[in-house]
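Residue-level listing of the chains:
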Amino acid sequence: MMKWLFGICSMVVLCCSQPASAEETGWALFDKVQQSVKQHNFDVSYVVLKGGQAETYRWLHGRSGDKEIEHLIPMYADGVDIVRRSDKVYYLLSERPSLVTQSSSIKELPPLLFQSPEKIRSLYDAVAGSSSLMDGRSAQLLRLSAIDDNRHHYWLWVDVQTGFPLRIDTLSEQHPNNKNRALEIWQVTHLRITPELPDTLAQLLEIELPALTPPVVAKPASQPHQLSWLPKGFSISDDPLLVPQLQPDVLSYWLLSDGLHQVSVFVQNSHQLPTQAYRDGATTIYVQADAKQDVTVIGPISIETAKRLAAAVR
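Owing to the predicted nature of the structure, the values given are computational and were not obtained by experimental measurement. (Residues numbered from 1 in each chain as written. Predicted model: local features only at pLDDT ≥ 70, side-chain atom pairs only at ≥ 80, totals over all residues. Heavy atoms only, no water.)

When you look at the pattern of salt bridges in this model, what are you seeing that I'm missing?
Oppositely charged side chains can pair when the atoms bearing their charge come close. Throughout the structure, instances matching the rule amount to 12 salt bridges. With a closest N to O distance of 3.3 Å, Lys38 and Glu68 form a salt bridge. With Lys38 in helix H2 (residues 22-39) and Glu68 in strand S3 (residues 67-74), this residue pair connects regions lying 30 residues apart in the sequence. Classification of Lys38 by relative accessible area gives partly exposed; the value is 23%. Judged by relative accessible area, Glu68 falls into the buried class, the value being 7%. Measuring nitrogen to oxygen at the nearest pair gives 2.2 Å for the salt bridge that ties Arg151 to Asp258. With a gap of 107 residues between them, Arg151 in the loop between strand S8 (137-146) and strand S9 (153-159) and Asp258 in the loop between strand S13 (250-257) and strand S14 (262-269) connect regions that are remote in the sequence. A residue is classified by how much of its surface remains accessible, and Arg151, at 6% relative accessible area, is buried. (Salt bridge = Lys/Arg side-chain N within 4 Å of Asp/Glu carboxyl O. Helix = DSSP H or I, 4+ residues; strand = E, 2+ residues; numbered from the N terminus. Buried < 20%, exposed > 50% of the residue type's maximum accessible area, 1.4 Å probe, protein only.)

And the structure:
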């Protein structure tokens, strides 16, 4: 009788202790990444490699009670500081007026780290990979494969101890499993996590910063064009804000979003330029030109998708 009960109990333990699936483990790891960049006090240096160029940044983050403070310093651009206090982002420029926007994250940081998990799950499958050493830290690979073939894929290497992302590769939508086809690489070069809030951030929590900048709507009141097709998962923003790429002679403009990525489509009078396409890292820039007008598409999509968007302007 005792042997029979022991056998039943052993079966119950085995059934209840089955390992989680690779996808369940992957999403648990992704949740750990998002929590890490929101909860820790840290001082990070990182580099963005794209198109044969390197851009370096210093990123500081901290929490004090219910207050959150973040400071991003582009090391390649003098006189530019980006500060986020809770839901306001401040662009502090030495030679131009400061710009203040309302957002829960800094858009110059990888949006993948801050978008809602539900939105990411609707666009990607997550699979945890093998572990390796990265700059002396044990890191686990996390693959985010796009459900839609026209969307970029992501590979993340995650610090096993802290959950902090050590590297993020943005991969071509045609080559999700080819490491050599990384369009853009985001890589940490220095990581320091501390229990206390850094002094510089404590000061930023207290100093007076500019007031919120009123939004400027760039979309014309009446557009002479229509956009007859959208990539899967994207929708048109009702009130797109002014973007730097727009020129005064814009005729029509749309800002598309899938909740994670944004794509700009705008029409201008012809500049007598040839039709052309190129990539700046993960960002495609495509210009469809004719004798009357130019249609420009800018965003993290494939060149083929950009061409189809430009052709959809009526």
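Now that the structure is up, let's keep going.
I keep staring at the sheet that holds strand S15 (residues 276-280) and nothing clicks. Help me out?
In a beta sheet, neighbouring strands are held together by backbone hydrogen bonds and run either parallel or antiparallel to one another. Reading across the sheet, the six strands line up as S12-S13-S14-S17-S16-S15 and stay open at both edges, with antiparallel pairing between neighbours. The sheet is open, and its two edges are formed by strand S12 (235-236) and S15, each paired on a single side. Where S13 lies against S14, seven bridges are found, and the strand directions are antiparallel. Looking across to S14, one finds that Trp254 is bridged to Val265. Packed on one face of the sheet, helix H5 (residues 303-311) meets S13, S14, S15, strand S16 (283-289) and strand S17 (293-299) and runs near 35° to S16. (Pairing = 2+ DSSP bridges. Contact = heavy atoms within 4.5 Å. Axes fitted to C-alpha atoms, helices over the stretch in contact; angles between N-to-C directions.)

Can you help me understand the packing of aromatic side chains in this one?
Geometry of an aromatic ring pair is reported as the spacing of the ring centres plus the angle between the planes. In this structure the tally under the stated criterion is 12 aromatic pairs. Between Trp155 and Trp157, the ring centres sit 6.2 Å apart and the planes meet at 65°, which makes this aromatic pair edge-to-face. For the pair Trp155 and Trp157, one class covers both residues: buried. Three or more aromatic residues joined by ring pairs form one cluster here, namely Phe42, Tyr46, Tyr57, Trp59, Tyr76, Phe164 and Trp186. Sitting over the face of the ring of Trp155, Arg143 holds its NZ or CZ atom 4.9 Å from the ring centroid. The ring centre of Trp157 lies 5.0 Å from the NZ or CZ of Arg167, which sits over that ring. (Phe/Tyr/Trp six-rings, centres within 6.5 Å; stacked < 30°, edge-to-face > 60°. Lys NZ or Arg CZ within 6 Å of the ring centre and 35° of its normal.)

Can you walk me through the pairing of S15 in this structure?
Side chains on a regular strand alternate between the two faces of the sheet. Across five bridges, the pairing between S15 and S16 is antiparallel. Across the sheet, residue Arg279 finds its bridge partner in S16, namely Thr284. Between the antiparallel neighbours S15 and S16 lie two residues, among them Gly281 with a positive phi of about 65°.

Hey, could you run me through the sheet that holds strand S5 (residues 88-93) in this one?
Taken together, the 11 strands give an open sheet; going across it, the order is S6-S5-S4-S3-S2-S1-S11-S10-S9-S8-S7, and neighbouring strands pair in antiparallel fashion. In this open sheet, the two strands that pair with only one neighbour each are strand S6 (99-102) and strand S7 (124-134). For this sheet the average axis-to-axis angle between neighbouring strands, irrespective of direction, equals 15°. With six bridges connecting them, strand S4 (residues 80-85) and S5 associate as antiparallel partners.

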